[in-house]
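Spelled out, the chains give:
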Amino acid sequence: MQDLATKFANLTIQSDFIFKKVMSRKRICKHLLEELLQIEIADINYIEAEKTIDPNYTSHGIRLDIIVADDKNTHYNLEMQVKNNKNPNTHVLPKRSRYYQALLDFDLLQAGQPYDLLPPTFIIFICIFDFFEKGNYVYTFKKRCLENLELELPDEATTMLLNTNGSHGEISKDLKSFYDYVNNHIVTTDFTKQIDDEISYLKLDTKVRREYMLMEARLLDERREGIAEGETNANTATAKRLLSMGLTVQDIAKATSLPIEQVEALKAD
C-alpha cells in the first residue's frame, strides 16, 4: 500500500490516470484543442472519460481516454501515448488509430441513421516520442487520392499524432509549453501552471488517491489472473504433448502440477 501511495505521489501528466483527470477540466481541455487546431471553441461537452466501446463479445473492445464534442458537434478523442510500439512489420499505433476511428464511428451512428449524420472526428495521440522520426511537432492525416493528391476524401475524419519532442513546424506558444511540460514537468506559461496546479490539487484529494489505488489493485488482480490462466493453458498443452508420447498420467501430473483428474480427463478426450 505504501508503494502505491508513493507511486501516486510521483504521477505526472504522462500517466493515463492523471491525464484523464486533467483533461476532464473543461478550461484545460478546451484550450488545448484551441491551441492545437488554431480555432475558437465556444464550449465542449464531455461524452465520457475512459469510455469503453465494445461492439460485441467477439470483437476487441477499447477504452478511450477522453472524448469531447464541441458546440459544432465535432468529436475529439484525446489519448496519451507513452510507449512507442513500433516494429518494422506491424505499425501498432497507426492501426490502433484506424481501429479507434472505426469504433468511434460505430458508437456515434445509431441504428437506422443515415451515414451523413456522422459528425467530424479527430483522433489525437499525444506521443512523447517521434513515431515517424521526421522531427515534426504535429503529424496530421486525412485521406487523399493517390492519382491526384489535391483531391481529399471529405469523410471529415482526421488523425493527429503529436510529437512532444518535435522541432519542425509552426505551433503556438501554449502548445509548445504543453509539450515541455509533458516531457520535463517544466512550467513556462499560465496554461502549464493551470495544469500543474490541477495535478497538485488532484494529489491532495483523498477520493482521487483512493480511486487510483483501487484501480491499480484491480489491474494487479487482472494481471495475476491472466498469468495464472496462461500458466494453466501452457501446462495443459504440455500435458497433451506428454500424453501423445505415452507417459503415464501420474508422471504427467507431477511434471505439469495439474491434478491427476484433469490429466485423466485430457487422456479421455
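All values derive from a computational prediction rather than experimental measurement.

Parameters and conventions
- Residues numbered from 1 in each chain as written.
- Predicted model: local features only at pLDDT ≥ 70, side-chain atom pairs only at ≥ 80, totals over all residues.
- Heavy atoms only, no water.
- Salt bridge = Lys/Arg side-chain N within 4 Å of Asp/Glu carboxyl O.
- Helix = DSSP H or I, 4+ residues; strand = E, 2+ residues; numbered from the N terminus.
- Buried < 20%, exposed > 50% of the residue type's maximum accessible area, 1.4 Å probe, protein only.
- Core = buried A, V, L, I, M, F, W, Y, C linked by side-chain atoms within 4.5 Å.
- 1 Å grid on protein atoms, 1.4 Å probe; cavity = no way out; pocket = protein on both sides within 12 Å on 5 of 7 lines; lining within 4 Å.
- Points joined across faces, edges and corners; volume = space filled by probe spheres on them.
- Nonpolar A, V, L, I, M, F, W, Y, C, P; charged D, E, K, R; others polar.
- Phe/Tyr/Trp six-rings, centres within 6.5 Å; stacked < 30°, edge-to-face > 60°.

K.L.:
Just to check I follow, could you spell out the pattern of salt bridges for this structure?
P.N.:
In this structure the tally under the stated criterion is nine salt bridges. Notably, a salt bridge pairs K26 with D43, separated by 3.1 Å at the nearest N-O pair. Placement of the pair is K26 in helix α3 (residues 26-37) and D43 in the loop between α3 and β1 (44-53), with a sequence separation of 17 residues. Using a relative accessible area of 32% as the deciding quantity, one classes D43 as partly exposed. Overlapping salt bridges bring together R25, R27 and E198 as one network.

K.L.:
Would you take a moment to explain the nonpolar core for this structure?
P.N.:
Nonpolar side chains in soluble globular proteins tend to end up buried together. By size, the foremost hydrophobic cluster in this structure holds 51 residues, and its most contacted members are I13, V22, M23, I124, F178 and I195. Counting nine residues, the second largest nonpolar core, distinct from the first, contains A239, L242, A253 and L258.

K.L.:
Could you clarify how one ought to interpret the layout of surface pockets in this entry?
P.N.:
Roughly 350 Å³ of internal volume is contained in the second largest pocket. Every residue lining the second largest pocket is listed: P94, S97, R98, Q101, F132, F141, K142, K143, A157, T158, T159 and L161. Among the elements of the structure, α4 (92-108) and β6 (157-163) are those that each provide at least two residues to the lining of the second largest pocket. Among the residues making up the lining of the second largest pocket, the classes are represented as five nonpolar, four polar and three charged.

K.L.:
Mind showing me how you'd approach the packing of aromatic side chains here?
P.N.:
Within a pair of aromatic rings, the relevant descriptors are the distance that separates the centres and the angle that separates the planes. Within the structure shown, the criterion is met by nine aromatic pairs. For the ring pair Y76 and F122, a centre distance of 5.4 Å and an interplane angle of 20 degrees mean the geometry is stacked. Within this pair, whereas Y76 is found in strand β3 (residues 75-81), its partner F122 is found in strand β4 (residues 121-127), the two being separated by 46 residues in sequence. For the pair Y76 and F122, one class covers both residues: buried. Ring geometry for F131 versus F132: centroids 5.0 Å apart, planes at 80 degrees, classification edge-to-face. Accessibility expressed as a relative area gives 3% for F131, which makes it buried. Three or more aromatic residues joined by ring pairs form one cluster here, namely F131, F132, Y139 and F141.

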